[in-house]
Amino acid sequence: MRDLPWPARVYLVAVIVAAAALLVRSTITSGAPVAPEDLDVLLVLALLFLVCESMPTLLNVEQFAVSVSFSASLAAVVLLGPDGAALVGLTAVVSVRPGLPLVKRLFNGAQFAVCGYVAGWVYQALEGRVGVPQVNAFDDLIGPYAAATAVFVPLNIALTLTMIGLATDVRATEVPMRAMAQFLLSYLGYGTFGLLVAGLWATVQSISAVLVLLPLFVARWAFGQYHAQQRSYDATIAALCQAVETKDYYTRGHCTRVSLASSMIAQEIGMGTERVRAIRYAGMLHDVGKLGVPTKVLQKDGPLTEEEFAAIQLHPMRGLEIVRGIGFLDEAYAGIMHHHERHDGTGYPMGLAGDEIPEFAKVIAVADAFDSMTSDRSYRGARPVGVAVEELRKSAGTHFDPVMVAAFIRALDREPWQPPRRVDSPPPDETPIKDHDDPTMPIEVVTGP
């Protein structure tokens, strides 16, 4: 707790005091939060809560995971009422999740208790019946339960994000809205497990918890396999990028930055999660075709011959040949193949123009040129972000798609770009090179023998 800023400490204490006050109030008004005959229900739900809390489930949303333990709290809303739901949530204090500090366990227990109590109060206010539901009266629970879930989930997220914002530099407004919406929907979806537990309790009682856990663990295993596969994909892409960048001292880190900028544009124009992931891969691999270009051509200091420039122009096609067998790239192929096409039709390798150019290629072209201009090169220093943005504006409609340029500028206004660190002089054995990605410094080509 010493490491927390003082606003976070005050907030933590306030949430804990609120949870304690609710439990004390219930003890004073009713003598005991849970009736003796309901202790077995409380024990089963508390164990279900702890099992789920100790093994959070990964979601198909980057940087998010959710513990579905709250479904046990929502089941307690129906079976035990507000006080029982608060007690079930409070068991998060004794969570056995590896590496979870005491401060986090205290906060989690307190905020789950508050959320459970408030959700239980809403459930009762809408005339939801507390106790084991009757089979013929189950339909009457759905409306009050849905309302309780609709209160529990946003309150839980709000309390948690507030703590994160006070304890770190991350603000809720910095979380991508699309990712947050998907996270919220997934969270609400998992809330149905609580209704399932309560409904099954009428027929199989405590076995209902086991019946819920089985599909939950299957889903968790499936998500784990999915994310392990994604990590494998990322490792494959990273290895290819490293191979490309060993040929080029001044553009090391370029692939990663192009990938980031491409993702910013993709999110700005409303691409879905899977397409954003694909364009991130395309940004990483857009220059993989350099592996098929002779190093002496890439590192030539001075004008290129027509044959040498032709070799440079072939690198997008070389890139497609290299990655063609990687099945998970999907639409990324088009971005790799056509990222040097120009909006006015004067680009390469096929001279496509306007709407003929694939959307992925339009995005990567803007990201590629921007990073080239804002990075150090052997023949010039990095340009300021403002200067690079102005160059993009001037070239919109000729070199770049105007829609992509405008989207990138909007994204930069919301998420300022962090230029790469300045590049020191290259080692003596690495020759300075010129960069074909910079639209303001075209490669010189000499004709004739």
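The rules behind the values
- Residues numbered from 1 in each chain as written.
- Predicted model: local features only at pLDDT ≥ 70, side-chain atom pairs only at ≥ 80, totals over all residues.
- Heavy atoms only, no water.
- Helix = DSSP H or I, 4+ residues; strand = E, 2+ residues; numbered from the N terminus.
- Buried < 20%, exposed > 50% of the residue type's maximum accessible area, 1.4 Å probe, protein only.
- Areas by Shrake-Rupley, 256 points an atom, 1.4 Å probe, with all protein chains shown as cover.
- Salt bridge = Lys/Arg side-chain N within 4 Å of Asp/Glu carboxyl O.
- Core = buried A, V, L, I, M, F, W, Y, C linked by side-chain atoms within 4.5 Å.
- Contact = heavy atoms within 4.5 Å.
- UniProt positions renumbered as here; feature names shortened; annotations may be inferred.
- Axes fitted to C-alpha atoms, helices over the stretch in contact; angles between N-to-C directions.
- Parallel < 35°, antiparallel > 145°, perpendicular 65-115°, else oblique.
- Left-handed = near helix turned anticlockwise from the far one by under 90°.
- Nonpolar A, V, L, I, M, F, W, Y, C, P; charged D, E, K, R; others polar.
- Phe/Tyr/Trp six-rings, centres within 6.5 Å; stacked < 30°, edge-to-face > 60°.
- Patch = residues over 30% accessible without salt bridge, like charges linked within 9 Å, V, L, I, M, F, W, Y side chains within 5 Å.
- Arc of directions from axis to C-beta.

- Identification of the protein chain as HD-GYP domain-containing protein from Nonomuraea purpurea is taken from an unreviewed UniProt entry.

Some details on the overall build of the protein chain
Phase 1 of the analysis: Tallying secondary structure elements over the protein chain gives 18 helices and four strands in all.
Phase 2 of the analysis: When burial is assessed residue by residue, the protein chain has 47% of its 449 residues classed as buried.
Phase 3 of the analysis: Accessible surface for the protein chain amounts to roughly 21,100 Å². Of this, 61% is attributable to carbon and sulfur atoms.

Focus on the pattern of salt bridges
Phase 1 of the analysis: Across all of its chains, the model carries 10 salt bridges by this definition.
Phase 2 of the analysis: Its salt-bridge partner being Glu268, residue Arg410 comes within 3.1 Å of it at the nearest N-O pair. Here Arg410, found in helix H18 (residues 402-414), pairs with Glu268, found in helix H10 (residues 254-268); they are 142 residues apart in sequence, far enough to count as distant.
Phase 3 of the analysis: For Arg410, a relative accessible area of 41% puts it in the partly exposed group.
Phase 4 of the analysis: A salt bridge links Asp344 to Arg342; the nearest nitrogen and oxygen atoms lie 3.6 Å apart.
Phase 5 of the analysis: Among the ionic contacts, a cluster of salt bridges with common partners joins Glu268, Arg410 and Arg414.

Some remarks on the nonpolar core
Phase 1 of the analysis: Leu45, Phe70 and Leu80 are the most contacted members of the largest nonpolar core, which has 54 residues in total.
Phase 2 of the analysis: Secondary structure elements with two or more residues in this core: helix H1 (6-30), helix H2 (39-54), helix H3 (70-79), helix H4 (82-90), helix H5 (102-125), helix H6 (139-167), helix H7 (177-190) and helix H8 (192-204).
Phase 3 of the analysis: Setting aside anything within four residues of it in sequence, one finds Phe70 in contact with Phe49, Phe112, Phe152, Val153, Tyr187, Tyr190 and Gly191.
Phase 4 of the analysis: Formed by 50 residues, the second largest nonpolar core is a distinct cluster that contains Val276, Ile364, Val405 and Phe408.

Considering the UniProt feature "transmembrane region" (unreviewed entry) in the protein chain
Phase 1 of the analysis: The positions that UniProt labels "transmembrane region" (unreviewed entry) are, in the present scheme, residues 41-61, 73-96, 145-167, 179-201 and 207-223.
Phase 2 of the analysis: In the segment residues 73-96, helix accounts for 67% and strand for 0%; the C-alpha atoms at its two ends are 18 Å apart.
Phase 3 of the analysis: Along residues 145-167 one finds 100% helix and 0% strand; the C-alpha atoms at either end are 33 Å apart.

Considering the packing of H10 against helix H16 (residues 359-373)
For any two helices packed against each other, the geometry comes down to the angle between their axes and how far apart the axes lie.
Phase 1 of the analysis: Direction vectors running N to C along H10 and H16 enclose 130 degrees, while the axes themselves pass 8 Å from each other. Looking at the two axes, H10 sits oblique to H16. Helix-helix and strand crossings are classified by hand; for H10 and H16 the assignment is right-handed. Contact residues: H10 offers His254, Arg257, Val258, Ala261, Ser262 and Ile265, while H16 offers Val363, Ile364, Val366, Ala367, Asp368, Asp371 and Ser372.
Phase 2 of the analysis: Each residue belonging to the contact of H10 with H16 can be placed in one class, and the counts come to seven nonpolar, three polar and three charged.

Thoughts on the environment of Pro416
Phase 1 of the analysis: Within the fold, Pro416 resides in the loop between H18 and strand S4 (445-446).
Phase 2 of the analysis: Since its relative accessible area comes to 59%, Pro416 is described here as exposed.
Phase 3 of the analysis: Linking Pro416 and Val385, residues 31 residues apart in sequence, is a C-alpha distance of 9.3 Å.

Let's talk about the packing of aromatic side chains
Phase 1 of the analysis: Inspection of every chain in the model, using the stated rule, returns six aromatic pairs.
Phase 2 of the analysis: Seen in terms of ring centroids, Phe49 and Phe112 are 5.3 Å apart; in terms of plane orientation they differ by 90 degrees. Their pairing is edge-to-face. Placement of Phe49 in helix H2 and of Phe112 in helix H5 is noted, with a sequence separation of 63 residues between them.
Phase 3 of the analysis: The class for Phe49 is buried, based on a relative accessible area of 0%.

Notes on unusual backbone geometry
Phase 1 of the analysis: The residue after Tyr348, namely Pro349, is reached through a cis peptide bond having omega 15 degrees.
Phase 2 of the analysis: For Pro349, the location among the structural elements is in the loop between helix H15 (332-338) and H16.

Notes on a nonpolar patch on the surface
Phase 1 of the analysis: Judged by side-chain polarity, Ile16, Leu102 and Leu106 come together as a nonpolar surface patch covering roughly 220 Å² of accessible area.
Phase 2 of the analysis: Among the secondary structure elements, Leu106 is positioned in helix H5.

Side note on helix H17 (residues 385-395)
Phase 1 of the analysis: Looking at H17, one finds that the buried residues are Ala388, Val389, Glu391, Leu392 and Ser395. Summarising the axial view, the buried residues of H17 lie within an arc of 155 degrees, below the 170-degree limit, and thus occupy one face.
Phase 2 of the analysis: Directly after H17, the chain includes Gly397, whose backbone phi takes a positive value near 95 degrees.

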